[in-house]
Amino acid sequence: MKEISCKLLVIGAGPGGYICAIRAGQLGVDTVIVEAGKPGGTCLNVGCIPSKALIHAAEEFEKVSHMAGGKSPLGIVVSAPVLDLSKTVAWKDGIVSRLNSGVAGLLKKAGVKTVHGWATFRDGKTVEVETETGSQVIRAEAIVIATGSAPVELPFLPFGGPVISSTDALALSEVPKRLAVVGGGYIGLELGMAFARMGARVTVVEALPRVLAQYDAELTRPVGKRLAALGVEVMLGAKAKGLSKKGDALLIESSDGKAGDGKSVEVAADKVLVTVGRKPVTEGWGLEQIDLDMSGKFIRIDDQCRTSMRGVFAIGDVTGEPMLAHRAMAQGEMVAEIVAGHKRSWDKRSIPAVCFTDPELVTSGLSPEEAKAQGEVKIGLFPFAANGRAMTKQGEDGFVRVVARADNHLVLGIQAVGQGVSELSAAFGLALEMGARLEDIAGTIHAHPTQGEGFQESALKALGHALHI
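The paragraphs below set out a description of the structure included in this document. (Residues numbered from 1 in each chain as written. Predicted model: local features only at pLDDT ≥ 70, side-chain atom pairs only at ≥ 80, totals over all residues. Heavy atoms only, no water.)

### Considerations on the sheet that holds strand E23 (residues 399-405)
An order of E20-E21-E24-E23-E22 is seen for the five strands of this open sheet, with the pairing classed as antiparallel. In this open sheet, the two strands that pair with only one neighbour each are strand E20 (353-355) and strand E22 (377-383). Strand-to-strand, the axes of this sheet are offset by a mean angle of 10°, without reference to chain direction. Pairing between E23 and strand E24 (residues 411-418): six bridges, direction antiparallel. By the bridge assignment, Phe 399 is partnered in E24 with Val 417. Strand contacts of helix H7 (residues 217-229): strand E21 (360-365), E22, E23 and E24, with the helix running at about 165° to E21, the strand carrying the most contacts. (Pairing = 2+ DSSP bridges. Helix = DSSP H or I, 4+ residues; strand = E, 2+ residues; numbered from the N terminus. Axes fitted to C-alpha atoms, helices over the stretch in contact; angles between N-to-C directions. Contact = heavy atoms within 4.5 Å.)

In structure tokens form, the structure reads like this:
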């Protein structure tokens, strides 16, 4: 059995793990990273990147479809398009492969040793890795747990056959004629809307009173409008119960969108996409051998991502919400610098969250309700219906909203819904991290014509003197 020693061992090469390893390597830390699959983790291989590729393909297909038969107001006329989803998936796989190679190259460039296999803890300083060529023991001064998360599987709707996970949905060879989506959160709606744009008849089944419940109702209203325009049926207060005997329909406990009526109805479906959340991967790698303190189902950490065991850190989805790749990356970079002897802590003031529905949603900082709980606030909202660039892109639905303290105008939160607003997330995050006041945003010259002008206008609106509404 081979044995190697290092200063830092990273378990998991997802966004948090590989960033941690790369940064540690850059700082001269002797680093080893262990990964059982391909580098990049869920985000790169079966999550963020491939889903956005599929969403883009759906958007392009819908655009061309609307141009068929002279329906486009742009004056563009084309023949009715045909989508070959197998080619779309092959294109998506090509992007993933390039990024896989890129991550592997960056790790090598930073001097990080990569071990392919499954790591299991022996104790707080030692792991055993099962590789294709046998077992390898790795001893390290510090260990980072970056094992990520996995889709939640419902016991009455196990994955297999017509029941698919988000991972399976990204590898379909053809668009299902009828798709039932269990769960109206961001993953379900992102993929559900994409398939609807590609021609599937989509039904969303959500147990709560509304979809995208983690966002406020005002922000999600344009998404609801778009769901209706796409012909997506949304069943609220509806609970999935399982498949029909023939396996061609989803059984739900609701008939009119109201829960608790006791009736069981069928929703015809060729595929049932289950997106009811994700769970941390805390089993199979020897957690019981090191007995870390837990916070519910997640590993408990402090503001430097230290666990209850000296020399053991944890980052990313395994440590709790929000389960976002960029949160894991920020944690990984910080931990690498701590291991290298730098003084670092992590300011969680702004972790932008983006929902790639149609239209897109962005939130950064506090919501209006969260901010009101802390005291009196000023809120400025600017609609894209008054934005020239949004008009020229046929994306007038939505708005930018700024929430600030009433006394000193310190910006506490920024939200937006609209076409392409994901690209505004950097400006939102920067404003919060820099401690911007409403006057700072209002006094910053924004390029015209851009959707970003809506950010400036929302600050002006909060100050009481918007210029374009």
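### Topic: the state of the cysteines
Applying the stated criterion across every chain yields a total of one disulfide. The disulfide bridge from Cys 43 ends at Cys 48, spanning 2.5 Å between sulfur atoms. Disulfide Cys 43-Cys 48: torsion about the S-S bond near -130°, hence left-handed. When its relative accessible area of 15% is taken as the criterion, Cys 43 is described as buried. Here Cys 20 stays free of any disulfide, with the sulfur of Cys 305 as its closest cysteine sulfur at 9.1 Å. Residue classification places Cys 305 among the buried residues on the basis of a relative accessible area of 1%. (Disulfide = S-S within 2.5 Å. Buried < 20%, exposed > 50% of the residue type's maximum accessible area, 1.4 Å probe, protein only.)

### What about the pairing of strand E9 (residues 178-182)?
Of all the five residues making up E9, four are buried; the element is thus mostly covered by neighbouring parts of the structure. What joins E9 to strand E10 (residues 201-206) is helix H6 (residues 186-197), and the crossover it makes is right-handed. Pairing of E9 with strand E15 (residues 271-274) involves four bridges; the strand directions are parallel. Bridge pairing in E15 links Val 181 to Leu 273. (Right-handed = clockwise from strand over helix to strand, strands pointing away.)

### Some thoughts on the side chain of Arg 278
Along the chain, Arg 278 turns up in strand E16 (residues 278-280). Buried charge without a salt bridge: Arg 278, with Asp 317 as the nearest opposite-charge side chain at an N-O distance of 4.5 Å. Here the side chain of Arg 278 touches Thr 42 through a polar contact of 3.5 Å, side chain to side chain. Among the polar contacts made by the side chain of Arg 278, one reaches the main-chain carbonyl oxygen of Ser 149 at a distance of 2.8 Å. Excluding its chain neighbours within four sequence positions, the residues that come into contact with Arg 278 are Thr 42, Ser 149, Ala 150, Pro 151, Val 152, Ile 187, Lys 297 and Met 323. (Lys, Arg positive; Asp, Glu negative; His and termini not counted. Salt bridge = Lys/Arg side-chain N within 4 Å of Asp/Glu carboxyl O. Polar contact = N/O pair within 3.5 Å; in protein donor to acceptor, adjacent residues only side chain to side chain.)

### Quick look at the environment of Glu 396
With respect to the secondary-structure elements, Glu 396 resides in the loop between helix H11 (388-392) and E23. The residues contacting Glu 396, other than those within four sequence positions of it, are Phe 384, Ala 385, Ala 390 and Met 391.

### A short note on the sheet that holds strand E13 (residues 249-253)
The three strands are arranged E12-E13-E14 in an open sheet whose pairing can be described as antiparallel. Since the sheet does not close on itself, it has two edges, and those belong to strand E12 (239-243) and strand E14 (264-268), each with one partner. Across the sheet, the mean angle separating the axes of adjacent strands is 35° when strand polarity is ignored. Note: E12 against E13, four bridges, orientation antiparallel. Looking across to E13, one finds that Gly 242 is bridged to Leu 251.

### Digging into empty space enclosed by the protein
Tallying each qualifying case throughout the model produces one cavity of 30 Å³ or more. One number sums up the size of the largest cavity: a volume of about 50 Å³. (1 Å grid on protein atoms, 1.4 Å probe; cavity = no way out; pocket = protein on both sides within 12 Å on 5 of 7 lines; lining within 4 Å. Points joined across faces, edges and corners; volume = space filled by probe spheres on them.)

### Focus on the pattern of salt bridges
Using the criterion set out here, one finds 19 salt bridges in the structure. Here Glu 62 and Arg 226 are joined by a salt bridge, their closest N and O atoms 2.5 Å apart. In this pair, Glu 62 is assigned in helix H3 (residues 48-67) and Arg 226 in helix H7, connecting sequence segments 164 residues apart. The same class applies to Glu 62 as to Arg 226, namely buried.

### Some words on unusual backbone geometry
With an omega dihedral of -5°, the bond running from Glu 321 to Pro 322 counts as a cis peptide bond. Residue Pro 449 is bonded to the preceding His 448 through a cis peptide linkage, with omega at 0°. Within the fold, Pro 449 resides in the loop between helix H13 (438-442) and helix H14 (453-463). The phi angle at Leu 212 is positive, at roughly 50°, despite the residue not being glycine. Within the secondary structure layout, Leu 212 lies in the loop between E10 and H7. With a phi close to 65°, Cys 305 is a non-glycine residue in the positive phi region.

### Here's the deal with H6
The first and last C-alpha atoms of H6 sit 16 Å apart over twelve residues, in line with the 16 Å expected at 1.5 Å per residue. Of all twelve residues in H6, ten are buried; the element is thus mostly enclosed. Of the positions making up H6, those classed as buried are Gly 188, Leu 189, Glu 190, Leu 191, Gly 192, Met 193, Ala 194, Phe 195, Ala 196 and Arg 197. Phi turns positive one or two residues past the end of H6, at Gly 199, with a value near 115°. (Expected span 1.5 Å × (residues − 1).)

### Considering the layout of surface pockets
Of the voids in this model, the second largest pocket is the one considered here, and its volume is about 1000 Å³. Lining the second largest pocket are 35 residues, with Glu 59, Lys 63, Arg 197, Asp 358 and Gln 419 positioned closest to its centre. Listed by contribution, the elements that provide at least two residues to the lining of the second largest pocket are H3, H6 and H7. With eight residues, the single largest contributor to the lining of the second largest pocket is H3.

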